[in-house]
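Remarks on the overall topology
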Amino acid sequence: MSELPSTLAEAPPAMGPADAPALPRLLAGITAHGAMTLEEHFALHGPLPIVRGGGRKRGREHAAMLISEIERSGLLGRGGAAFPAAKKMRAVASSRGRAIVLANAAEGEPASLKDRTLLETLPHLVLDGGVVAAEAVGADELIVCACESAQAAAESMASVIEERGSGSSSSGHSPRLRMTSVPGNYVAGQESALINYLGGGPAKPMFTPPMPFEQGLRRRPTLISNVETLAHIALIARHGAPWFRQLGAPTQPGSALVTLSGPVAHQGVYEIEHGASLASLIDAGGGTTTRVRGALLGGYAGSWIGAERLHGVALSNEHLAPHGASLGAGVVLLLSEQACPVAETARVARWLSDQSSRQCGPCLHGLDALAGTLAEIAAGTAQPRAAQRIDRLASLVARRGACSHPDGSANLILSAMEAFGAEFDDHAQHGPCEGCARPPELPLPVRPIAEDSSRKPLVRQ
Amino acid sequence: MSHRVRVNPIACEAHGMCAELLPERITLDEWGYPVIDQQELHGWEVDHAIRAARACPTFALLVQRERATRAGRGRGPD
Amino acid sequence: MTLLAASGPSLYWYLTRSTGAMAMLLLSLAIALGVLDVQRWSTPRWPRFLVDSLHRNVSLLALVFLVLHILTSVLDSFAPISLRDAFIPFVGSYRPFWLGLGAVAFDLILAVIITSLLRARMGYATWRAIHWLTYASWPIALLHGFGTGSDVKATWLLALSILCLAIVAAAVLARVLAGWPENIGRRAAALGGTGAFSLFLLLWLPQGPLGSEWARRSGTPSSLLPHAQVSNSSSGSGR
């Protein structure tokens, strides 16, 4: 089974045309010795534009300008939902009460490493973005939420917060900085689950309304941003929206971090510009080490694209939409040709079912039924019309949970059945194939299920 | 003013009274949980929907007025 | 005979006994319906919403009879029972302990019903926790009936009491056995408690309320006790 290393690949070559501003942006200046220090950070990026200088009115004006700039940049959230960042900030800023900002690095997606990488190597960039976002929405507190199993990331961020908290940052009304660890289960990073956990409850999603932007943590308007989104904000605040839009696609500007894994020479976190071709990303990763059967885009709530359709695939939501896929949290997971997509899908489906927070009947029962049916298909013991059962179950769970976990799981399963239709048919009729006997390839955490208090370290298999 | 029926899936414990009292809009899936027709309620259905929401032992059924507000006899989350 | 005619039973005395018995029966039925409700019992002719409504309405009806029972006993001039005795236990002058049990049961039932009427305004877990008090109120109410009731030796009342006991014991059994053996500690405790209570009744009743001179032993003010202990009639030794 491939081990997903937590090391960072070297900065990749520029992906765009030769005369365009080159990558890397976020990953610029990454060193081999761990986190970029404050001095290195300021040397590379320059100081953060000081904000709350002259009084409340000027502060509010500046905050509004910040949000407008981010709106002009077209930045979309990098946590998976691609929600316009400025729209979310505006909603928080206009809600009643003093806001709080949560920097979300919970990263429960097994095949994603970008968020912990950011905390580990670029904590100052993330904090800058958090501080800018806090000032834009009028928040007095910034809480960085790190995955409890990403110890290096948590330690790195904690020490940096201590460093900045001791007065080396801008004067005035900077937000209070805090870091906290959150459980690593799949749904813990969902917005309401994060609020639930930080509020003293379990790391399980809550029913909405009220939405976090109006009443979140401690009933205050809460801005929850993925740490990569905040990192982009840190650079937009310095260089402006036009600079940001010089890379990427018109509908999805700028650069993005992706986690490339599977049968490639160098698995790891890469920075691409939106719209870059999948082929160029794989090239940057040293090329594939074996033939590829398909690629999973977005994560375990994302979609498969079969090998025959991978040619010419470009990494932006606009280009992926015709394939029924989206970039999501930047997961690009390749599956080797030797692996069995049916067995792998069945295994992931069972894991997704176990990751249900078990609060909603349709998710709890539906995902279990889906996983069970897939296991039967993989084993060749399925009832006739098993595929129809899966279709029916998938539409039965859609939009009937408090969060989108069942929808994502159903989406993954349906896309696998479409991308690998022949293999699924073959299994239903003839049972397990040679690939089924191989060790599993898709990364899943190995640890006891469902207990939020579990503290065992994350091991990928 | 439009009304819609919605269920809080976390509070719902599949008692099934809602489907008995508003069968035009609510059916139960194979595990006993409500499948709701999300479209606007007709005028005459609103009273039945409110009665169904009151009957729910866990206050999981909600009757929502317009789009964003919670009206009717439902209990939202804290 | 003359003695009896001079201090004949008032209308209130009949009413307080009958409403008390009705309240006991309705409380027992409410508990049984509550168990059917939580067990999601239903048939095509008895849908879920019906069982649930019936449970709620029978409980309210039980409260109505309970309130009538209290009012009539207060209005009855024979025994010195004040309205305060209905709420505050053990401070009355008429059979203080046994009457006090009635006040305790009434307080518990009030808590259950008020929280149920205000359910929308409180957390579900809180409401549910208080609702469990019903199981506590029932045996207390039954003991109150045995301790204060004047008809306790009457066949009809004994039969009614046995009926109530059977209804609630069956309900508890059904509740405990469903989902066995989860939470086995609590379930075993419930079974054990029910069995112990039944055994206690079996042992205590004959030498308590069903025994001799219970009126005096239970704390009836001596001014109210009959001075001539002539008859051994089974219809109770004085009021």
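Residues numbered from 1 in each chain as written. Chains lettered and ligands numbered in written order. Predicted model: local features only at pLDDT ≥ 70, side-chain atom pairs only at ≥ 80, totals over all residues.

Considering the pairing of strand 6 (residues 268–273) of chain A
All names here are of chain A. The following threshold applies: The exposure label follows from counting other C-beta atoms within 10 Å of a residue's C-beta, where the C-beta atoms are placed from the backbone and the thresholds are 20 or more for buried and 12 or fewer for exposed, leaving partly exposed in between. The way it works is that DSSP assigns letters per residue, a run of H or I at least four long becomes a helix, a run of E at least two long becomes a strand, and they are numbered from the N terminus. Any two strands with at least two DSSP bridges between them are considered paired.
The buried fraction of strand 6 amounts to six of the six residues, a majority that puts the element mostly inside the structure. Pairing of strand 5 (residues 255–261) with strand 6, which is carried by six bridges, proceeds in the antiparallel orientation. When the bridges of strand 6 are listed, leucine 260 appears paired with glycine 268.

A look at the interface of chain B and chain C
Applicable threshold: We call two residues in contact whenever the C-beta atoms placed from their backbones are within 7 Å. Gly is put with the polar residues, along with every residue not named as nonpolar or charged; the nonpolar set is Ala, Val, Leu, Ile, Met, Phe, Trp, Tyr, Cys and Pro, and the charged set is Asp, Glu, Lys and Arg.
The interface is formed by ten residues belonging to chain B together with seven residues belonging to chain C. It is helix 1 (residues 17–21) of chain B that provides the largest number of residues to the side of chain B that touches chain C, a total of three residues. The residue inventory of the side of chain B that touches chain C, partitioned by class, reads five nonpolar, three polar and two charged.

Observations concerning the interface of chain A and chain B
Much of the literature gives interface size as the accessible area that the parts lose upon coming together. The interface is formed by twelve residues belonging to chain A together with eleven residues belonging to chain B. Ranked by residue count, the leading element in the side of chain A that touches chain B is helix 13 (residues 361–379) of chain A, at three residues. Residues of the side of chain A that touches chain B, tallied by class, amount to seven nonpolar, four polar and one charged.

Here's the deal with helix 2 (residues 55–73) of chain A
Residues and elements named next belong to chain A. The condition that has to hold: One less than the residue count of a helix, multiplied by 1.5 Å, gives the span that helix is expected to have. Note: the arc covers the axis-to-C-beta directions of the helix.
The end-to-end C-alpha distance of helix 2, which contains 19 residues, comes to 27 Å, matching closely the 27 Å that a straight helix rising 1.5 Å per residue would cover. Ala63, Leu66, Ile67, Glu69, Ile70 and Ser73 are the residues of helix 2 that are buried. Looking straight down helix 2, one finds that the buried residues subtend no more than 155 degrees of arc, so they occupy a single side. Away from its buried face by more than 90 degrees, helix 2 exposes Lys57, Arg58, Glu61 and Met65. Phi turns positive one or two residues past the end of helix 2, at glycine 74, with a value near 75 degrees.

Re the nonpolar core
Basically, it comes down to this: Nonpolar cores are identified as sets of buried Ala, Val, Leu, Ile, Met, Phe, Trp, Tyr and Cys residues joined via C-beta atoms within 7 Å.
A:Met89, A:Val101, A:Ala103, A:Val137, A:Ala146 and A:Leu281 are the most contacted members of the largest nonpolar core, which totals 166 residues. Apart from residues no more than four positions distant in its own chain, A:Met89 is found in contact with A:Ile67, A:Ile70, A:Ala133, A:Ala136, A:Val137 and A:Leu223. Within the second largest apolar cluster, 40 residues are counted, among which are C:Ala32, C:Leu36, C:Trp98 and C:Ile140.

With respect to the domain arrangement of chain A
Residue and element names in this part refer to chain A. Formally: An automatic or database domain assignment supplies the start and end points of every domain.
The domain boundaries assigned to chain A delineate domain 1 (38–245), domain 2 (255–336) and domain 3 (341–437). Each of domain 2 and domain 3 has a C-alpha centre, and the two are 22 Å apart. Put simply, the parts of the chain that give the side of domain 2 that touches domain 3 at least two residues each are strand 7 (292–297) and strand 8 (303–306). Among the elements that take part in the side of domain 2 that touches domain 3, strand 8 stands out by supplying four residues, more than any other.

Structural notes on the sheet that holds strand 8 of chain A
Residues and elements named next belong to chain A. Defined as follows: Here, axes are lines fitted to C-alpha atoms. For helices the fit covers the stretch in contact, and angles between N-to-C directions go from 0 to 180 degrees.
Reading across the sheet, the five strands line up as 6-5-9-7-8 and stay open at both edges, with mixed pairing between neighbours. Unpaired on one side and paired on the other, strand 6 and strand 8 mark the two borders of the sheet. Neighbour to neighbour, the strand axes of the sheet diverge by 30 degrees on average, direction disregarded. Here three bridges tie strand 5 to strand 9 (residues 331–336), and the two strands are oriented parallel to one another. Across the sheet, the residue bridging to threonine 259 is valine 331, located in strand 9. On top of the sheet, helix 15 (residues 405–419) reaches strand 7 and strand 8; it is set at about 10 degrees to strand 8, its chief contact.

With respect to the packing of helix 2 of chain A against helix 5 (residues 123–137) of chain A
All names here are of chain A. Rules: Should an angle fall under 35 degrees it is taken as roughly parallel, and over 145 as roughly antiparallel, whereas 65 to 115 is taken as roughly perpendicular and any remaining angle as oblique. Should the near helix be turned counterclockwise from the far one by less than a right angle, the crossing is left-handed, whereas a clockwise turn marks it as right-handed.
Put simply, helix 2 and helix 5 touch, their axes get as near as 7 Å, and they point 120 degrees apart. It follows from the interaxial angle that helix 2 and helix 5 lie oblique. Pair helix 2 / helix 5 crosses with left-handed handedness. Each of Ala63, Leu66 and Ile67 in helix 2 lies in contact with helix 5, whose residues at this interface are Val132, Glu135 and Ala136.

Side note on the sheet that holds strand 2 (residues 139–147) of chain A
All names here are of chain A. The strand order across the open sheet built from four strands is 3-2-1-4, with neighbouring strands paired in parallel fashion. Of all strands in the sheet, those bounded by a partner on one side alone are strand 3 (176–182) and strand 4 (222–226). Strand-to-strand twist across the sheet, computed as the mean angle between neighbouring axes with direction ignored, equals 20 degrees. Relative to strand 3, strand 2 runs parallel, the two being bridged by seven bridges. Bridging from a neighbouring strand, valine 144 pairs with methionine 179 of strand 3.

Observations concerning helix 8 (residues 227–239) of chain A
All names here are of chain A. The first and last C-alpha atoms of helix 8 sit 19 Å apart over 13 residues, in line with the 18 Å expected at 1.5 Å per residue. Judged by how many residues are buried, helix 8 sits mostly within the fold: eleven of 13 residues are covered. Val227, Glu228, Thr229, Leu230, Ala231, His232, Ile233, Ala234, Leu235, Ile236 and Ala237 are the residues of helix 8 that are buried. Downstream of helix 8 by a residue or two, glycine 240 has a phi angle that is positive, lying close to 95 degrees.

Some words on unusual backbone geometry
Residues A:Thr208 and A:Pro209 are joined by a peptide bond in cis, for which omega reads 15 degrees. Tracing the backbone through its elements, the reader meets A:Pro209 in the loop between helix 7 (191–198) and strand 4. In the segment running from A:Pro209 into A:Pro210, the intervening peptide bond is cis, with an omega of 0 degrees. Here A:Pro210 shows up in the loop between helix 7 and strand 4. Not every positive phi belongs to a glycine, and C:Arg40 is a case in point at roughly 60 degrees. In this fold, C:Arg40 is placed in the loop between helix 2 (11–38) and helix 3 (48–75). By C-beta crowding, C:Arg40 is classed as partly exposed, having 17 other C-beta atoms within 10 Å. One non-glycine residue with positive phi stands out, namely C:Glu213, at about 55 degrees. Looking at where C:Glu213 falls in the secondary structure, it is placed in the loop between helix 9 (184–207) and helix 10 (214–217). Residue classification places C:Glu213 among the exposed positions, given that 12 C-beta atoms sit within 10 Å.

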